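Fold and geometry: a report
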Amino acid sequence: MKRIPDEKIELMLGNVRATLGIEGLLISEEETKILRQYLKGELTEEQVLEIIRTTGK
């Protein structure tokens, strides 16, 4: 995966929070951390899906 600049990642996460907020949904700090790690290439899609499966979120 091509490296996304940190500034762009934070902008993307802000947009995710705003979009979900419009729908009345909140994203936790832990969920934000997982998304950030995925966008930085620290976690693979498979790892993220496993986290979702094991935590029930």
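A few words on the pattern of salt bridges. Taken as a whole and judged by the stated rule, the model has four salt bridges. Put simply, aspartate 6 and arginine 3 hold a salt bridge, and the shortest N to O gap is 3.1 Å. Residue lysine 40 is joined to aspartate 6 by a salt bridge in which the shortest nitrogen-to-oxygen separation is 3.8 Å. Pair noted here: lysine 40 is in the loop between α2 (29-39) and α3 (45-55) and aspartate 6 is in helix α1 (residues 6-22), with a separation of 34 residues, a long-range link. Residue class for aspartate 6 comes out partly exposed when judged on its relative accessible area of 34%. By sharing partners, the salt bridges in this structure join Arg3, Asp6 and Lys40 into a single network.

Rules used throughout
Residues numbered from 1 in each chain as written. Predicted model: local features only at pLDDT ≥ 70, side-chain atom pairs only at ≥ 80, totals over all residues. Heavy atoms only, no water. Salt bridge = Lys/Arg side-chain N within 4 Å of Asp/Glu carboxyl O. Helix = DSSP H or I, 4+ residues; strand = E, 2+ residues; numbered from the N terminus. Buried < 20%, exposed > 50% of the residue type's maximum accessible area, 1.4 Å probe, protein only.

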